[in-house]
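# Summary of the model geometry
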Amino acid sequence: MELFDLTIHELHTMMLSRRVSSVEVTKAMLARIDAVEAQIGSFITITPERAVADAEAADRRFAAGDADILTGIPLALKDIFLTEGILTTCGSRILHNFVPPYSATSYEKLKARGAVLLGKLNQDEFAMGSSSESSAFGTTRNPWDTTRIPGGSSGGSASAIAAQQATATLGTDTGGSIRQPASHCGCVGLKPTYGRVSRYGVIAYASSLDQVGPLTRDVTDCAIMLGAVAGHDPKDSTSVDTPVPDYTAALTGSVKGLRIGLPKEYFISGLDPDVQAAMGQAIGVYRSLGADFVDISLPHTDYAVATYYLIATAEASSNLARYDGVRFGHRAEGATGLLDMYTKSRSQGFGAEVKRRIMLGTYALSSGYYDAYYVKAQKVRTLIMRDFMQAFEGVDVILTPVAPTPAFKIGEKINDPLQMYLSDIFTIPVNLAGTCALSVPAGLSSEGLPIGLQLVGKPFGEETILRAAHAFEQATEWHLKKAPL
Amino acid sequence: MKFQPVIGLEVHVQLKTDSKIFCGCSTAFGSEPNSQTCPVCLGMPGALPVLNKKVVEFAIKAGLSTNCSITPRSIFARKNYFYPDLPKGYQISQFEDPICQHGWLDISVNDQTKRIGITRIHMEEDAGKLVHGDISGLEECSGVDLNRACTPLLEVVSEPDLRSSDEAVAYLKQLHQIVTWLGICDGNMEEGSFRCDANVSVMPLGAAQYGTRAEIKNVNSFKFVKQAIEYEIQRQIDLIEDGGTVVQETRLFDPNSGTTRSMRSKEEAHDYRYFPDPDLVPLVIDDAWVERTREELPELPEQMKLRFITKFGIPAYDAEVLTASRPLAEYYEECLSFHSNGKAVSNWIMGEVIRCLNDSGTSIEQCPVTPRLLTELLKLIDSGTISGKIAKAVFDEMWKSGQEPSSIVEEQGLVQVSDSGAIEAIIDEILTREAGQVAEYRSGKDKLFGFFVGQVMKASKGKANPALVNELLQNKLNG
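Residues numbered from 1 in each chain as written. Chains lettered and ligands numbered in written order. Predicted model: local features only at pLDDT ≥ 70, side-chain atom pairs only at ≥ 80, totals over all residues.

Glancing now at the overall build of chain A. Counting secondary structure elements, chain A contains 15 helices and eleven strands. Projecting the C-alpha coordinates of chain A onto the three principal axes gives extents of approximately 65 × 55 × 45 Å. A total of 485 residues make up chain A; the buried ones form 61% of that total. Long-range contacts, defined here as pairs at least 24 residues apart, represent 76% of the contacts in chain A between residues at least 6 apart. (Helix = DSSP H or I, 4+ residues; strand = E, 2+ residues; numbered from the N terminus. Buried ≥ 20, exposed ≤ 12 C-beta atoms within 10 Å, placed from the backbone. Contact = placed C-beta atoms within 7 Å.)

Here is the structure:
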């Protein structure tokens, strides 16, 4: 047993009984980061001094009897979360020098509970990508096979868990950016219902789709982390004011009588055979636990990727307008005028994928094209939403693969955007519908790569999918498998 | 050929809220650059807007006061364009489904009443401003001051129902009066709290279709609006008569030369790529909210004018002057709580009070002669203690010292002389002294009566009761 390999709840029990201090755990974690970071590249910024200071403060809280489940737990954040006084790049050259003056609400909440910040994690630039290859700060490698991508965009958030470089992490999910890397790296990742977690201080990619969520070693940790960051935030008008339940209390271990839907559109030919096999096994596990399966249809699934790439890029084209070199971030040298400064700063600051999406989105919103693209995409989005709502009239949870294949090779799809976009085919519809879903480890491929299972819940049905994932975890050992580092 | 001008106005009304429309920063004018900013109005990554409820209330008030319907579910949209004073690279505004729609105002020009349609009123945030030139020792640089960024604005868009610069000014003045009356805007045109863009076109008289319009920016006083529109109408007519065609473009008014010049053509116009802002949920306004706001509305100038005419019996002209601003109307009405003669009070306000306010550049709120003091003065006239003429002198003294009129009258011995014996003595003295004039008068030169009154008043230092002087003089000269 290594300190860096434990869960939040295990560490908490040990800290509470003074078998270990937060400083010891944190130092063990920093040493682990040192040992494996060169192979993996999970981090953009490591904050050892901050981590030790946080850990010392946490230990004082334990001494004062004022400790919380997250007190002293070493965490790391995707570099999309603003952290006051700590470099925040969003994986982009345009923010290579951006030290924010305030912190994201979700980080503030973790900090208030005494969590320890280890650093900021690598990601696709502006969360645009499925492989973490589009970062301006290097490619993160999959700890299970360092020739492969960890998934994206929250690749660093997943690889840091798999490589035992953090006890838990936060990521964001706009079209699958938590679930897909969680699946590829063999950890638990949850995208909450839109509005469940505040977006304040999280760099926006596509505002109507972005959600903050945890990546963890097991489902219990996932429930703990979600409970810590969920809740209404007066600074985010789209955050919803509904009570936050005790998600750990939902983990009863029972799925007896749970109605699980299997959408026929998700079990298509062309699905990787290992993924297909893992899904079959998972269905068997649930059957043996007493769950009932129902064949369902989500008829507009085929349109989801196209719809997503209109809505997300349209919003992104506007969200990324603020990176103009005027007030913060990269400003090109030697510009001859305002337009030249804009053009040069943005040309130098943004990477190819970001530019591609800005152009797509700008086009979709242009006068004369708006109705044909943006408005139509919104209509299809409504249909996709309706698909899910209708399906949930007859089932409690929908089970699907997270991704059509296990992690692919670095460089395999980077020059083929369409293939890259299709790797999110099973996760994107959930964001469009605005509901919640998670990825839980459900197998290893013939090449030893993790395969995740997606459980989709009703809006604000996080308790149900956590309960179902937890029951699966209790009945299997996939979450105990370690990356062969 | 005769031409018919067609004008529509877009008016930006800066709302008088304490804080900005989407964050808690102060809206105070004239502070140190960028001292009233936060991550939201600086357009920092990750920052999100939260709508200021007060802005919505002000918008509803403006809508109800201009006969608009209030949209039950209105939407905020992003207007995308790049400029250094626009920190997010888009302005949060409203495009489809603005908060107020389909209103109107009745304006009056040359005693003719005309109804001007209001297409819409929408809420939006203002941009910051650029400061050019020397900034903290840096030469040749431009600075960005974002204190004004995110300040709440209403944009009031009229129908193209205006047909002359006079109508445009009348409409603008009425709108200005309403928003200041409601207390939602300070109305300061110099500081840009109330600013106007004019859409101007001309068409042959009787034509069915409007001509091509030019949008004139930067017309920031009633005078400039008139000047700019008149210049633009003439420019377009001249152009057409010379065989040219008007092009759709944005033009800038230059107040120094009184002319307009091209700023950007239709081809150079921005494609603003409006789309609903995903950071703000639709604004739902139920009937109860509208009704609650309606109940909070003050009596509007038109209604108050009618009430003044019927309740206080003053002429329409007086009522118009007295309702020019809400504080003035309130001043008048407060006077009437101390004094019952509506016309006498009106005369004094329209005469002495307004004259002194104008001469000294004082606002009615700061008027040193309060309604109670003014009516005390009127009561001294009513009781015959002082004459109207003396009262004017007393008023000037009150203006300077803020003293009670009765103590001024007492201290300066200005009490009117109504003792007939004393007045008769003066008259006798005058008639003896001016025996020649008396003879002329008696031989039929009636006009000289005024001369004798004047002499008596002068001899009494204005204190003699004028009515009594008249009466006694009549007796002496004609008896």
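For the rest of this paragraph, the subject is the domain arrangement of chain A. Domain boundaries in chain A define domain 1 (3-256 + 472-480) and domain 2 (303-379). On a C-alpha basis, the centres of domain 1 of chain A and domain 2 of chain A stand 28 Å from each other. (Domains from an automatic or database assignment.)

Hydrogen bonding along the main chain pairs the strands of a sheet, whether they run parallel or antiparallel. Residues and elements named next belong to chain B. Strand order in the open sheet formed by nine strands is 2-6-7-10-1-11-12-13-14, with mixed pairing between adjacent strands. Of all the strands in the sheet, just strand 2 (69-70) and strand 14 (259-265) have a single pairing partner and so form its edges. In this structure, strand 12 (residues 214-219) lies alongside strand 13 (residues 249-254), joined through four bridges in parallel fashion. Paired with K217 across the strands is L252, a residue of strand 13. Each of strand 1 (3-14), strand 11 (194-204), strand 12, strand 13 and strand 14 touches helix 3 (residues 222-241); the most contacted strand, strand 11, lies at about 25 degrees to it. (Pairing = 2+ DSSP bridges. Axes fitted to C-alpha atoms, helices over the stretch in contact; angles between N-to-C directions.)

Most often, soluble globular proteins keep nonpolar side chains buried together rather than apart. In this structure, L75, V188, L455 and A469 of chain A together with A59, Y171 and A198 of chain B are the most contacted members of the largest nonpolar core, which totals 219 residues. The contacts of A469 of chain A, once residues within four sequence positions are left out, are V188, V219, L438, V440 and L455 of chain A. The next biggest cluster of nonpolar side chains, apart from the first, holds 32 residues, and it includes F308, V353, C367 and I408 of chain B. (Core = buried A, V, L, I, M, F, W, Y, C linked by C-beta atoms within 7 Å.)

Residue and element names in this part refer to chain B. For chain B, the assigned domains read domain 1 (3-289), domain 2 (299-411) and domain 3 (420-478). Each of domain 1 and domain 2 has a C-alpha centre, and these two points are 37 Å apart. Each partner contributes residues to the interface: domain 1 has five residues there, and domain 2 has four residues. When residues in the side of domain 1 that touches domain 2 are grouped by element, the largest group, four residues, is from helix 2 (residues 165-181).

Attention shifts here to the interface of chain B and chain A. Each partner contributes residues to the interface: chain B has 25 residues there, and chain A has 33 residues. For the side of chain B that touches chain A, the class distribution of residues is 16 nonpolar, four polar and five charged. (Nonpolar A, V, L, I, M, F, W, Y, C, P; charged D, E, K, R; others polar.)

What follows is about the packing of helix 9 (residues 371-382) of chain B against helix 10 (residues 388-401) of chain B. Two quantities define a packed helix pair, namely the angle between the helix axes and the distance between the axes. Residues and elements named next belong to chain B. As a packed pair, helix 9 and helix 10 sit with axes 10 Å apart at the nearest point and diverge in direction by 155 degrees. Between helix 9 and helix 10, the interaxial angle falls into the category roughly antiparallel. The crossing of helix 9 and helix 10 is right-handed. Across from L373, L377, L380 and I381 in helix 9, the residues of helix 10 making contact are G388, A391, V394, F395 and M398. Among the residues forming the contact of helix 9 with helix 10, the class breakdown is eight nonpolar, one polar and no charged. (Parallel < 35°, antiparallel > 145°, perpendicular 65-115°, else oblique. Left-handed = near helix turned anticlockwise from the far one by under 90°.)

In this section: unusual backbone geometry. In this chain, G152 of chain A is followed by S153 of chain A through a cis amide linkage whose omega measures 5 degrees. Within the element layout of this structure, S153 of chain A appears in the loop between strand 3 (116-121) and helix 5 (155-162). Located in the positive-phi region is N110 of chain B, a residue other than glycine, with phi close to 50 degrees. Take N110 of chain B: it is sitting in the loop between strand 6 (100-109) and strand 7 (112-125). For N110 of chain B, a count of 8 C-beta atoms within 10 Å corresponds to the exposed category.

Turning next to the sheet that holds strand 7 (residues 259-263) of chain A. Residues and elements named next belong to chain A. Reading across from one edge, 1-3-2-4-6-5-10-11-9-7-8 is the order of the eleven strands in this open sheet, with mixed pairing throughout. Of all the strands in the sheet, the pair left with one neighbour each is strand 1 (43-46) and strand 8 (292-296). On average, each strand axis in the sheet is inclined to that of its neighbour by 30 degrees, with strand direction left out of account.

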